[in-house]
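# Observations on the three-dimensional arrangement
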Amino acid sequence: MQHLVIAPVLLPLLAGIALLLLRPLPIGWRRVLSLLAVLAQVWLALLLLGQAGDGGIFTYALGDWPAPYGIVLVADRLAAGMLLITALLGLLALLYASRGTDLEGRHFHVLFQLQLFGLNGAFLTGDLFNLFVFFEILLLASYGLLLHGGGPERTRAGLHFVVINLAGSTLFLFAVGTLYGVLGTLNMADLARRMAQVGPAELGLVQAAGLLLFGVFALKAALVPLYLWLPAAYAGTSAPVAALFAVMTKVGVYSIVRLDTLIFGAQAGDSAHLLGDWLLPLALLTLAIGMAGVVASTGLRQQAAYLVIASVGTLLIAAGLGTASGLAAGLYYLPHTTFAAAALFLLADSIARRRGKLADRFAPDGTLSHPRLLGGLFFITAVLIAGLPPLSGFVAKFLILRAALPHPDLAWIMAVVLVTSLLALIALARSGSVLFYRARVVNPPAGGERLLPELAPAAALLLLCLGLVLWAGPVHEYTLRTAQQLHHPQIYIDAVLGREVAP
């Protein structure tokens, strides 16, 4: 069990290397190997979740170099939860891709495993520089996945994606170099320990580096005004890739939460709560602008992309409340919105395949086969995303609004969350009306379609959201304890550095 922390990082890396070496094998064998690797990642994530659920924080010192001198991986409640969300999402996206999307280009399964390698590493690393390294790994893999299948639309979106994220990576290095130059460490626990010791002469430089890091993570999360790269990239790529990308913005959110609660947490002296004045206003603006994009969208995949942006705003509203109850509500909302958005991307692809030239565009008088089955799944997805009772979207937004009751900006929070929820309901109702009620029903091709296996991954994602309702009590209890752990950063610091580290 002592190697359990590093296993979620090693497994996708080794699987990716094996798939690259075994490329001459038939595609069926490579699909099986890739699916088995992701299933193993689900199992490992469940093991870590069970261990971390008791409140322990587990560390793994690579090369047996003690922190803060060596690279360390850290598994706490938040990291374990993110690993499980990523593994479940990856498994269902891969199942959908294995129906033929993986044949549209080269090395799909290799890139998919490397993407999971970068995601898992970003969630587990306890070192700021290695967070940069894992960011670059997952971004390099995402470039290949985004362009998988080719075409001018994907190439154009991919170019914007690459250029903007490379600029963000450059700024990341500037921030990391500044913090190392001033504090002499990049271990996140050690940074948190030393932050309170920063003198007045260096305080401005450290805070500037912290805000620069926030800007980089805001770019990764698609926070306003750094969101313009996302709609074209997510709407233009293939459905299983877009479904996997639903967790990509959550890496940015995860990093912002770590920055806000650990490095610039309550123990950071004059730099404590550095992001407090920025986070909530930007989150409210992101939710409002993202929902405006949802209303103005001309296609279902574009609408799903803007819903991802809106979800980032909702998540960071919860984090911006600055309380454990608010963060716990956001952590409950996180798996809901990830699974629901991924399901919508997969469903949009199935709908587009059956509408001929109109694809997923909101144009009336299109044709559609199997409207009842597709329409039923779309209805459930729309109810989830709009936040109507009794599903998980309603529970999550109720928890967020309840946590916001003592906040001085309650009126703004209530207004933005409730109005945008209404706009989501109106936009999705209009989309469903155009796609289904105005469609001319056509019979499927002779011999029938194997529609049920195609829709199974999307249906499974919706069932995961249903599970969040059926087990809302235990899930919220886990997220509340996670938030309380995050709001007591000394627990993390002691677990990584040990109490013997001199102050």
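Residues numbered from 1 in each chain as written. Predicted model: local features only at pLDDT ≥ 70, side-chain atom pairs only at ≥ 80, totals over all residues. Heavy atoms only, no water.

### With respect to the environment of Leu-139
The cut-off we apply is this: For helices the rule is a DSSP run of H or I covering at least 4 residues; for strands it is a run of E covering at least 2, with both sets numbered from the N terminus onward. It only takes one pair of heavy atoms within 4.5 Å for two residues to be counted as in contact.
Structurally, Leu-139 is set in helix H5 (residues 128–146). Expressed as a C-alpha distance, the spacing of Leu-139 and Gly-158, which sit 19 residues apart in the sequence, is 11 Å. If we ignore the near neighbours within four places in the chain, the residues touching Leu-139 are Phe-161, Asn-165, Ser-169, Lys-220 and Met-248.

### So, helix H7 (residues 188–195)
For clarity, the cut-off: Working definition: with a 1.4 Å probe on protein chains only, accessible area under 20% of the residue-type maximum means buried, over 50% means exposed, and in between means partly exposed. Any pair of nitrogen or oxygen atoms within 3.5 Å is treated as a polar contact; in protein, a donor-acceptor pairing is required on top of that, and neighbouring residues in sequence qualify only through side-chain atoms on both sides.
Most of H7 is tucked away, with 7 of its 8 residues classed as buried. Those residues of H7 not exposed but buried are Met-188, Ala-189, Asp-190, Leu-191, Ala-192, Arg-193 and Met-195. Buried positions along H7 lie against H5, helix H6 (152–183), helix H8 (200–221), helix H11 (248–263) and helix H20 (489–497). Looking at where H7 begins, the residue whose side-chain oxygen comes 3.0 Å from the main-chain nitrogen of Ala-189 is Asn-187.

### What about empty space enclosed by the protein?
The line we're drawing: Here the term cavity refers to a set of points on a 1 Å grid, laid over the protein atoms alone, in which a 1.4 Å probe fits but cannot get out; the term pocket refers to an open set having protein on both sides within 12 Å along at least five of seven lines, with lining residues being those that place an atom within 4 Å of a point. Grid points are joined across faces, edges and corners, and a volume is the space filled by probe spheres set on the points. Polar here means any residue other than Ala, Val, Leu, Ile, Met, Phe, Trp, Tyr, Cys and Pro, which are nonpolar, and Asp, Glu, Lys and Arg, which are charged; Gly is therefore polar.
Using the criterion set out here, one finds 6 cavities of 30 Å³ or more in the structure. One number sums up the size of the largest cavity: a volume of about 150 Å³. Every residue lining the largest cavity is counted, 17 residues in all, and those nearest its centre are Leu-307, Ser-311, Tyr-333, Thr-337 and Ile-385. Contributing elements (two or more residues each) for the lining of the largest cavity: helix H12 (276–296), helix H13 (300–320) and helix H14 (324–353). Taken together, the residues of the lining of the largest cavity sort by class into 12 nonpolar, 4 polar and 1 charged. Its volume calculated, the second largest cavity comes out at about 100 Å³.

### Examining the packing of aromatic side chains
Given two aromatic rings, one states the distance between the centres and the angle between the planes to describe the pair. To keep things clear, this is the line we draw: What counts as a ring pair is set by centres within 6.5 Å for rings of Phe, Tyr and Trp (its six-membered ring), and what kind of pair is set by the plane angle: stacked under 30 degrees, edge-to-face over 60, tilted for all other angles.
If you walk through the whole model with that rule in mind, you get 16 aromatic pairs. Geometrically, the ring pair formed by Tyr-234 and Phe-245 is tilted, given 5.5 Å between the ring centres and 50 degrees between the ring planes. Taken together, the residues Tyr-234 in helix H9 (residues 230–236) and Phe-245 in helix H10 (residues 239–245) connect sequence positions 11 residues apart. Like Phe-245, Tyr-234 is buried. Linked through ring pairs, Tyr-143, Phe-161, Trp-229, Tyr-234, Phe-245 and Phe-345 together constitute an aromatic cluster.

### A look at a nonpolar patch on the surface
Selection rule: Excluding any residue in a salt bridge, patches collect residues exceeding 30% relative accessible area, merging like charges within 9 Å and nonpolar Val, Leu, Ile, Met, Phe, Trp and Tyr side chains within 5 Å. Where accessible areas are quoted, they stem from the Shrake-Rupley method and a 1.4 Å probe; at the residue level, only the protein chains shown are allowed to cover. A pair is scored as a salt bridge if a Lys or Arg side-chain nitrogen falls within 4 Å of a carboxyl oxygen belonging to Asp or Glu.
Residues Leu-10, Leu-14, Ile-17, Leu-21, Leu-22, Leu-25 and Trp-29 make up a contiguous nonpolar surface patch of roughly 720 Å² in combined accessible area. Among the elements that line the nonpolar patch, the one with the most residues is helix H1 (residues 7–21), at 4 residues. Following the sequence through the fold, Trp-29 ends up in helix H2 (residues 27–52). We classify Trp-29 as exposed; its relative accessible area is 62%.

### Here we look at helix H15 (residues 371–386)
Rule in force here: A helix is expected to span 1.5 Å multiplied by its residue count minus one.
Taking 1.5 Å per residue, 16 residues should reach 22 Å; H15 reaches 21 Å between its end C-alpha atoms and fits that length. Those residues of H15 lying buried are Leu-374, Gly-375, Leu-377, Phe-378, Thr-381, Ala-382, Val-383, Leu-384, Ile-385 and Ala-386. Taken together, the buried residues of H15 touch H13, H14, strand E3 (367–368), helix H16 (392–403), helix H17 (410–437) and helix H18 (451–470). At the C-terminal side of H15, Gly-387 shows a positive phi close to 85 degrees.

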